[in-house]
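Coordinates in review
Below are the chains, spelled out letter by letter.
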Amino acid sequence: MPYKARSAGPAAAPAAPGRRGPAGGGSSAARSRRAMEPPGTAGAPGAAGRPWEEAKAFYDNLAPKKKPKSPKPENAITIAVSSRALFRMEEEQKIYNEQGVEAYVKYQLDHENEPFLPGAAFPFVKALEAVNTQLRELYPNSEELFDIVLMTNNHAQVGVRLINSINHYDLFIERFCMTGGNSPICYLKAYHTNLYLSSDAEKVSEAIEEGIAAATIFSPSKDLEVSENQLRVAFDGDAVLFSDESEQIVKAHGLDIFFEHEKAHENKPLAQGPLKGFLEALGKLQKKFYSKGLRMECPIRTYLVTARSAASSGARALKTLRSWGLETDEALFLAGAPKGPLLKKIRPHIFFDDQMFHVEGAKEMGTVAAHVPYGVAQKHKRPAQEKQTPNSK
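All of these numbers come straight from a predicted model, not from anything done at the bench. (Residues numbered from 1 in each chain as written. Predicted model: local features only at pLDDT ≥ 70, side-chain atom pairs only at ≥ 80, totals over all residues. Heavy atoms only, no water.)

Another aspect to go through is the overall build of the protein chain. Along its length, the protein chain carries 15 helices and twelve strands. By the burial criterion, 47% of the 393 residues in the protein chain qualify as buried. The long-range share in the protein chain, meaning contacts at least 24 apart out of those at least 6 apart in sequence, stands at 74%. In the form shown here, the protein chain has an accessible surface area of approximately 20,900 Å², with 52% of it arising from carbon and sulfur atoms. (Helix = DSSP H or I, 4+ residues; strand = E, 2+ residues; numbered from the N terminus. Buried < 20%, exposed > 50% of the residue type's maximum accessible area, 1.4 Å probe, protein only. Contact = heavy atoms within 4.5 Å. Areas by Shrake-Rupley, 256 points an atom, 1.4 Å probe, with all protein chains shown as cover.)

In structure tokens, the structure reads:
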């Protein structure tokens with residue numbers, strides 16, 4: 001909401017030379033000096049008795065706010081986010097598609113002082129930064145923090161509008177990768193990326209093939225308020241945290257054989273899936289809060305939300321996590337029931353699933369969902385994606 005100055009009423013007549021104006025008046029220099037006087041130091045009676053903390057707070061507020069230092073990439077948990085995942089850029093993409101790259105760049109330059117609207121990944125990024133704030137308070141010298149990198153194949157000239165938007169929303173994103181039309185995927189490993197989020201399904205598939213945890217993020221069909229103080233991340237199990245071994249059996253032989261297989265292999269850990277490393281990174285940060293006695297107040301909460309049945313196939317999933325030295329705060333076995341209504345109760349900042357059916361169901365209930373293009377489900381049915389363009393970010 002723009003600031004609106006209240007009317008001060010009719011202007012007072014100027015004081016005669018050498019005389020003070022109305023009470024509280026005096027020369028403009030004198031008034032400025034009084035305005036800059038900290039609490040407890042003004043000449044009013046009794047002012048000197050105010051606590052010194054007020055004066056200190058006054059001077060602290062005058063000092064420019066210093067941004068925290070970025071962690072070294074090798075020490076951080078790096079989250080690479082595309083520009084179209086972080087911000088809404090539908091209008092700009094339409095110009096690119098219909099009028100070409102020169103018109104697109106001109107439009108961005110002409111509007112570079114107008115911030116983009118928040119996109120699907122925006123609440124997730126804000127939650128990451130909220131966790132960082134608490135980590136810095138507990139461990140001032142530690143570099144085990146989230147580090148957000150903006151990955152885009154935008155032209156560098158568009159970077160000014162992106163920077164302006166980041167500053168407008170007071171985001172702490174210092175690392176950019178703007179590739180001028182080329183795919184940014186080849187840079188992900190150089191940035192030590194732990195997770196890549198994009199609106200471009202083809203680039204996400206490229207990242208998965210390179211062994212990088214990645215997902216195509218989608219905006220929900222309606223807004224759902226999420227926590228500002230606690231990062232909540234929900235994962236599907238098979239073909240997300242775990243390999244697609246069990247899903248292959250379901251596809252090939254049906255549920256009855258699947259249940260028999262899971263029971264027979266209950267004590268054999270599943271192979272890891274594409275997002276196992278990201279859950280591991282979250283668990284590592286959680287333990288930093290646990291070691292300070294803050295398990296119940298931990299600002300990171302993780303969820304396993306799986307279509308598996310607890311009685312017939314749940315034990316293997318939990319024992320696999322245990323064998324990895326990992327856990328989720330909550331494990332929800334739905335036995336084939338829709339995930340959307342449950343996710344609406346959890347209100348995660350992001351939910352990862354390998355099947356578009358569950359992604360669509362989550363979106364309809366207001367959850368930001370991300371598709372992980374991994375495993376046998378992708379071979380049987382390719383998700384319906386809009387046609388991607390060379391400028392899709």
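From this point on, the discussion continues.
Turning to the environment of Thr78, a few remarks are in order. Summarising the element assignment, Thr78 is placed in strand 1 (residues 77–82). Assessed through its relative accessible area of 1%, Thr78 is described here as buried. Sequence separation between Thr78 and Tyr196 is 118 residues, and the spatial gap between their C-alpha atoms is 8.7 Å. Residues contacting Thr78, with those up to four places away along its chain left out, are Pro73, Asp147, Val149, Tyr191, His192, Thr193, Asn194 and Leu195.

Another aspect to go through is the sheet that holds strand 11 (residues 350–353). In spatial order, the strands read 5-4-1-6-7-12-11-8-9-10; together these ten strands make up an open sheet with mixed pairing. Of all strands in the sheet, those with a lone pairing partner are strand 5 (175–178) and strand 10 (330–333), marking the two edges. The average undirected angle you get between the axes of adjacent strands in this sheet is 25°. Inspection of the sheet shows strand 9 (residues 300–306) paired to strand 10 by four bridges, in the parallel sense. By the bridge assignment for strand 10, Tyr303 is matched with Glu330. Against the sheet, helix 6 (residues 122–138) contacts strand 1, strand 4 (146–152), strand 6 (193–198), strand 8 (231–235), strand 9 and strand 11, and its axis sits at roughly 150° relative to strand 4. (Pairing = 2+ DSSP bridges. Axes fitted to C-alpha atoms, helices over the stretch in contact; angles between N-to-C directions.)

With 77 residues, the main nonpolar core has Phe87, Phe124, Leu231, Phe235 and Phe352 as its most contacted residues. Once residues within four sequence positions are removed from consideration, Phe235 is found in contact with Val240, Leu241, Leu275, Phe278, Leu279, Leu282, Thr302, Tyr303, Leu304, Val305, Phe351 and Phe352. (Core = buried A, V, L, I, M, F, W, Y, C linked by side-chain atoms within 4.5 Å.)

Per the stated rule, a full pass over the model turns up nine aromatic pairs. Pairing Phe258 with Phe259 gives two aromatic rings, centres 5.5 Å apart and planes at 50°, and the pair type is tilted. Judged by relative accessible area, Phe259 falls into the partly exposed class, the value being 27%. For the ring pair Phe278 and Phe352, a centre distance of 6.3 Å and an interplane angle of 75° mean the geometry is edge-to-face. Residue Phe278 is found in helix 11 (residues 276–290), and its partner Phe352 is found in strand 11; the two are separated by 74 residues along the sequence. Comparing Phe278 with Phe352, the two get one shared label, buried. A connected cluster of aromatic rings, assembled from ring pairs, spans Phe87, Phe116, Phe122 and Tyr169. The ring of Tyr290 has Arg295 lying over it, and the distance from NZ or CZ to the ring centre is 3.9 Å. (Phe/Tyr/Trp six-rings, centres within 6.5 Å; stacked < 30°, edge-to-face > 60°. Lys NZ or Arg CZ within 6 Å of the ring centre and 35° of its normal.)

Bringing unusual backbone geometry into the picture now. Here the phi dihedral of Ala239 falls at roughly 70°; this positive angle occurs in a residue that is not glycine. On the secondary structure map, Ala239 appears in the loop between strand 8 and helix 9 (245–253). The class of Ala239 is buried, set by a relative accessible area of 0%.

The next thing to look at is the environment of Gln378. Along the polypeptide, Gln378 turns up in helix 15 (residues 376–380). Residues Gln378 and Met356 lie 22 residues apart in sequence; the distance between their C-alpha atoms is 9.4 Å.

What follows covers the packing of helix 6 against helix 11. Running from N to C, helix 6 and helix 11 point in directions that differ by 35°, and their axes come no closer than 10 Å. Once helix 6 is placed against helix 11, the crossing between them reads as left-handed. The residues of helix 11 that touch helix 6, namely those facing Phe124, Val131, Gln134, Leu135 and Leu138, are Phe278, Leu285, Lys288 and Phe289. For the contact of helix 6 with helix 11, the per-class residue count stands at seven nonpolar, one polar and one charged. (Left-handed = near helix turned anticlockwise from the far one by under 90°. Nonpolar A, V, L, I, M, F, W, Y, C, P; charged D, E, K, R; others polar.)

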